[in-house]
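Inside the fold
Take a look at the letters that make up each chain.
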Amino acid sequence: EFRRVLFRSASPLGEGFQDWAPDSRSILIERRTADVKDRTLFLGAIDGSALQPLYRQHDDKFLPSNDQHALFSPDGKQIAFSSDADGWNHLYVMNRDGSGVRHLTKGSFGVSFPTWTRDGKAIAFCSSEAGTEQRQVYAVIVEKGERAGRTAATPTDRRSSADGVRGKQSRR
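An account of the accompanying structure is given in this report. (Residues numbered from 1 in each chain as written. Predicted model: local features only at pLDDT ≥ 70, side-chain atom pairs only at ≥ 80, totals over all residues. Heavy atoms only, no water.)

1. A word on the sheet that holds strand β2 (residues 26-32)
Threshold: A pair of strands is treated as paired once DSSP finds two or more bridges between them. Numbering of helices and strands runs from the N terminus, with a helix taken as a DSSP run of H or I at least four residues long and a strand as a DSSP run of E at least two residues long. To define axes, lines are fitted to C-alpha atoms, for helices over the stretch in contact only, and angles between the resulting N-to-C directions are given on a 0 to 180 degree scale.
Ordered in space as β1-β2-β3-β4, the four strands form an open sheet in which the pairing is antiparallel. Edge positions in the open sheet fall to β1 (15-20) and β4 (52-58), since each of these has one partner strand only. For this sheet the average axis-to-axis angle between neighbouring strands, irrespective of direction, equals 20°. Bridging between β2 and strand β3 (residues 38-45) involves seven bridges; their strand directions are antiparallel. Counterpart to Ile27 in the pairing with β3 is Gly44.

2. Focus: the environment of Gln136
As for its placement among the helices and strands, Gln136 is situated in strand β11 (residues 136-141). Between the C-alpha atoms of Gln136 and Val111, which are 25 residues apart in sequence, the distance is 9.7 Å.

3. Concerning the nonpolar core
Quick reminder of the rule: Here, the term nonpolar core denotes a set of buried Ala, Val, Leu, Ile, Met, Phe, Trp, Tyr and Cys residues that are joined through side-chain atoms within 4.5 Å. We call a residue buried when its accessible area falls under 20% of the maximum for its residue type, exposed when it is over 50%, and partly exposed in between, using a 1.4 Å probe and counting protein chains only. Two residues form a contact once any of their heavy atoms are found within 4.5 Å.
Leu91, Leu104, Trp116, Ile123, Phe125 and Val140 are the most contacted members of the largest nonpolar core, which totals 13 residues. Listing elements by their share of this core, those giving two or more residues are β7 (90-95), β9 (111-116), β10 (122-127) and β11. Once residues within four sequence positions are removed from consideration, Val140 is found in contact with Leu91, Leu104, Lys121, Ala122, Ile123, Phe125, Gly145, Glu146, Arg147 and Ala148. With twelve residues, the next largest nonpolar core counts Leu43, Leu54, Tyr55 and Phe72 among its residues.

4. Quick word on the sheet that holds β10
With antiparallel pairing, the four strands of this open sheet are ordered in space as β9-β10-β11-β12. The sheet is open, and its two edges are formed by β9 and β12 (146-150), each paired on a single side. Each neighbouring strand pair of the sheet contributes to a mean axis angle of 25°, computed without reference to strand direction. Pairing of β9 with β10, which is carried by four bridges, proceeds in the antiparallel orientation. Residue pairing for β10: Trp116 is matched across the bridge by Ile123.

Here it is in structure tokens:
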């Protein structure tokens, strides 16, 4: 059965689409208040039933409105999301029902662009941990919360590419 889901570009409730569930029966929705002090992640069924709040965050000053992500694991049982609840934008994971929230990355640096590995065992992400002037790609093992490594080449090395050709600088 095919259903059409319509998203308005300017929701009066400050809502935005985050991700489709792997089973295509529900979506993640983020809602921010107009004063940008509150953020809530919801699970919404495409049948139109009530939204289920999963995660709430409040800041008396304001919440940043960029680099906030939420995405289902490949099996749909967990949700990875970013939050700056500790002062830096970091990765968290929770069960699909909003229980079991765990902090996966910590430190004086921000993370962005998380993505699950196909097997759902790890999350890759970009981070400014190596310095604010550059971002590296890291991974964290979800079950243990342990780092799995990072890219070896600096992002400014334009000679790096999968085929070793693109981006090579001319040496005249």
